[in-house]
Amino acid sequence: LDLLPIGSTDGGRIAQTVFGRFWGHFFIGGAAFLALIILMFTSDTQNLFFSYLLVTSFTQRDAEVPCRDEVEKIGNLRLAVAFVAWFGAILTLLPSV
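Residues numbered from 1 in each chain as written. Predicted model: local features only at pLDDT ≥ 70, side-chain atom pairs only at ≥ 80, totals over all residues. Heavy atoms only, no water.

Enquirer: How should I be thinking about helix 2 (residues 21–42) in this particular structure?
Expert: Helical geometry: 3.6 residues make up each α-helical turn, so side chains three or four residues apart lie on a common side. For helix 2, spanning 22 residues, the distance from its first C-alpha to its last is 30 Å, which sits close to the expected 32 Å at 1.5 Å a residue. In helix 2, a bend of some 25° at Gly 29 exceeds every other bend along the element. Among the residues making up helix 2, those that are buried are Gly 24, Gly 29, Ala 32, Leu 36 and Met 40. (Helix = DSSP H or I, 4+ residues; strand = E, 2+ residues; numbered from the N terminus. Expected span 1.5 Å × (residues − 1). Bend = angle between axes of the 7 residues up to and from the residue. Buried < 20%, exposed > 50% of the residue type's maximum accessible area, 1.4 Å probe, protein only.)

Structure, rendered in structure tokens:
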């Protein structure tokens, strides 16, 4: 769950690195938060998504720490690792594929 791009989680920081501060934090994070809300009402594991939404809503509100280097782009290897990690997190959370 920590790899989902929401707030200050590991996935949120990866999204900021890959897509930039605005797109990664607000757009991708907002889309992931909305997807969790939809999954909360449509999935069999409602308690898991509800509790995670509750925890992230209250604990992930801290101010973002600026990255050490926001100018230089990341390499292709790190970009591929980020997408593989997100894909693994999504496959883990899908009820039945």
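Enquirer: Which parts of the structure should I look at to understand the packing of aromatic side chains?
Expert: Centre-to-centre distance and the angle between the planes together describe a pair of aromatic rings. Enumeration according to the criterion identifies 3 aromatic pairs in this entry. Each ring, one from Phe 19 and one from Phe 83, has its centre 6.2 Å from the other, and the planes form 80°; the classification is edge-to-face. Here the residue Phe 19 occupies a position in helix 1 (residues 10–19), and Phe 83 occupies one in helix 4 (residues 76–93), the gap between them amounting to 64 residues. You can call Phe 19 partly exposed: its relative accessible area is 34%. (Phe/Tyr/Trp six-rings, centres within 6.5 Å; stacked < 30°, edge-to-face > 60°.)

Enquirer: When you look at the packing of helix 1 against helix 2 in this model, what are you seeing that I'm missing?
Expert: Think of two packed helices as two axes; the pair is described by the angle between the axes and how far apart they sit. Where helix 1 contacts helix 2, the axes come no closer than 6 Å and their chain directions differ by 135°. For the element pair helix 1 / helix 2, the angle class is oblique. Two packed elements cross with a definite hand, and for helix 1 against helix 2 that hand is right-handed. Residues Ala 15, Gln 16 and Phe 19 of helix 1 touch helix 2, and the partners they reach there are Arg 21, Trp 23, Gly 24, His 25 and Ile 28. Across the contact of helix 1 with helix 2, the residue classes tally to 4 nonpolar, 3 polar and 1 charged. (Axes fitted to C-alpha atoms, helices over the stretch in contact; angles between N-to-C directions. Parallel < 35°, antiparallel > 145°, perpendicular 65-115°, else oblique. Left-handed = near helix turned anticlockwise from the far one by under 90°. Contact = heavy atoms within 4.5 Å. Nonpolar A, V, L, I, M, F, W, Y, C, P; charged D, E, K, R; others polar.)

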